[in-house]
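Overview (structure and organization)
Now for the letters of each chain:
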Amino acid sequence: MSRKVPFLVSLALLAASCEIPFELDSVSEPALYVHYIVEAGASNGFVVAYAEPSFGTLSGQQYPFSPSDVTLTVGGKTASLSEDPDASSWNSHVLSAGGVPSPGSEVRLQVKGRGCPDVLAVTTVPEPPVIKSVDISLVEVDSSTVNRISIRLDRPAGRNEHYALMAVRRVTTIYETTMTLPGMPDSVQTDTVVYQNGFSPGYVASLADINSLDLDDYLSVGYSGGFISATPMGTGVMTLLSAERFSSDTYTFYADAFDSSLYYDFIAGYDASEEYTGGEEYGQDDGTAGDGSYDGDGLWPDDGWPDDGWPDDGWPGVTTEMTTSVEYRFSLYRLSDEFYNYAKAQYLSRFDMLANFGVSPPNFTYTNVSGGLGVVAGIAAASTDWIPGPQE
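Below is a summary of the structure that appears in this document. Bear in mind that the values here come from a model prediction, so they are computed numbers and not experimental data. (Residues numbered from 1 in each chain as written. Predicted model: local features only at pLDDT ≥ 70, side-chain atom pairs only at ≥ 80, totals over all residues. Heavy atoms only, no water.)

A positive phi angle, close to 50°, is found at Trp90, a residue other than glycine. Structurally, the position occupied by Trp90 is in the loop between β5 (81-83) and β6 (92-97). On the accessibility criterion, Trp90 (51% relative accessible area) is exposed. In this structure, Ser248 takes a positive phi of about 60° despite not being glycine. Within the secondary structure, Ser248 is located in the loop between β15 (237-242) and β16 (250-254). (Helix = DSSP H or I, 4+ residues; strand = E, 2+ residues; numbered from the N terminus. Buried < 20%, exposed > 50% of the residue type's maximum accessible area, 1.4 Å probe, protein only.)

Now for the side chain of Arg334. Mapped onto the secondary structure, Arg334 falls in strand β18 (residues 318-335). Only 2.8 Å separates the side chain of Arg334 from the backbone oxygen of Glu127, close enough to count as a polar contact. Within the local environment of Arg334, its side chain forms a polar contact with the side chain of Tyr163, the two groups lying 3.0 Å apart. Dropping the residues within four chain positions of it, Arg334 is found in contact with Pro126, Glu127, Pro128, Pro129, Arg155, Glu161, His162, Tyr163, Gly378, Ile379 and Ala380. (Polar contact = N/O pair within 3.5 Å; in protein donor to acceptor, adjacent residues only side chain to side chain. Contact = heavy atoms within 4.5 Å.)

Under the definition given, this model contains 12 aromatic pairs. Centre to centre, the rings of Tyr163 and Phe246 are 4.8 Å apart; their planes meet at 50°, and the pair counts as tilted. A residue pair is termed long-range when its members are at least 10 positions apart, and Tyr163 in strand β11 (residues 162-179) and Phe246 in the loop between β15 and β16 qualify at 83 residues. Each residue in the set Tyr163, Phe199, Tyr203, Tyr218, Phe246, Tyr251, Phe253, Tyr328 and Phe330 is aromatic and connected to the rest through ring pairs, giving one cluster. The ring centre of Trp386 lies 4.1 Å from the NZ or CZ of Arg170, which sits over that ring. The side chain of Arg245 reaches across the aromatic face of Tyr203, ending 3.8 Å from its centre. (Phe/Tyr/Trp six-rings, centres within 6.5 Å; stacked < 30°, edge-to-face > 60°. Lys NZ or Arg CZ within 6 Å of the ring centre and 35° of its normal.)

Residues Leu165, Tyr223, Met238, Leu240, Phe253, Phe330 and Phe339 are the most contacted members of the largest nonpolar core, which totals 41 residues. Of all the secondary-structure elements, those providing two or more residues to this core are β10 (144-153), β11, β13 (220-224), β15, β16, β18, α2 (337-351) and β19 (373-383). By size, the runner-up hydrophobic cluster in this structure holds 25 residues, among which are Val70, Ala97, Leu109 and Val119. (Core = buried A, V, L, I, M, F, W, Y, C linked by side-chain atoms within 4.5 Å.)

Ordered by their spatial adjacency, four strands build an open sheet running β4-β3-β7-β8, and the pairing between neighbours is antiparallel. With one partner strand each, in any of the chains shown, β4 (77-78) and β8 (119-124) form the two edges of the open sheet. Pairing of strand β3 (residues 70-74) with β4 involves two bridges; the strand directions are antiparallel. By the bridge assignment for β4, Thr73 is matched with Thr78. (Pairing = 2+ DSSP bridges.)

This next bit is on the pairing of β18. Of the pairings in the sheet, the one linking β11 to β18 comprises 18 bridges and is antiparallel in character. Bridge pairing in β18 links Arg169 to Tyr328. The sheet contact formed by β18 and strand β20 (residues 387-388) spans two bridges and is antiparallel. The partner of Glu327 across the bridge, within β20, is Pro388. Where β18 and β19 come together, five bridges link them in antiparallel fashion. Each bridged residue has a counterpart across the sheet, and for Tyr333 the counterpart in β19 is Ala381.

A word on α2. A rise of 1.5 Å per residue sets the reference length of α2, with its 15 residues, at 21 Å; its end C-alpha atoms lie 21 Å apart and thus fit the reference within 8%. Residues of α2 that are buried include every one of Glu338, Phe339, Tyr340, Tyr342, Ala343, Ala345 and Tyr347, and no others. (Expected span 1.5 Å × (residues − 1).)

Our next topic: the side chain of Thr123. Looking at the secondary structure, you find Thr123 in strand β8. Here Glu338 takes part through its side chain, which lies 3.0 Å from a polar atom of the side chain of Thr123. In contact with Thr123, not counting residues within four places along its chain, are Val38, Ser105, Glu106, Val107, Ser336, Glu338, Val376, Ala377 and Gly378.

This is the structure we're talking about:
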């Protein structure tokens, strides 16, 4: 015991000596915040907002703003701008630009500050990737059966290129219920339920490969409607990919591996009475099942069934067959450096990994907006149709 106490004291002193004191930058002036993701072939809106330091006393004032404060040039041509008053609020303004940006266009955004510095940001819309083929197959890896997916491009991924993947899984289940009950006509009802969810790609088929994890393989953010968020949700989960993740022209991953994640299952379609033959109406138009009252006293089950409930083998005279199919859809993006750097900073800030261990201040930030905050970045996408998954 006497030997352990000095050792613990020494360990505590050593841990204390490893602390790194830091101070946050002193920020006292308001600044312009801009968020504009320029997507080839899409007319995304963007945000211009006035931001005030969160560590000071907020002024509570509304800064004057007009769309004429903003100058946007795409491919050397000045774009017309308009503000959406329904989406704008207080000091945050949502604008849209006329026209659709094309790949290779240089985009310059300037905003005149009212009571804060002017800002300028520049980006270039990248060329979209070309998907030549997608292969989905069931494979055995470390005694686990997983869906292996390979997306092949028309050329090898460039060394300094950045990509991102948005993957969606759709599960369609058809229930066919046959009812043959005393005092009722035979009937068949077909119900269809469709689930969709976004998922992140996996690279580890089982725990046997856990030591091969690389944190850079799991950089993911939310992306929807032209806006990046730190938290992936639903079908808007975007996984960032560096060129190193490709083997020449092919990117390979697992759809249901140990390290892949699903994001928020939701019902994309639900038809509770797609097809019904025989008997009276059972399904209702609002998508809910009917009460099953065909005749008699209007109760389900009818009088005459045992009071102790249904037998263990199910409802007498009712059988249900279930058929399930799985499909996948992929959107592969080519990213500008600004998009990749900003999105990666959002991911690191969300997890704040090094700061959680006490070895770094929480300062994962990135902006290419000179004089202000935010990001102006370019992306371009190629998307597949729904692709059937392999049959098990």
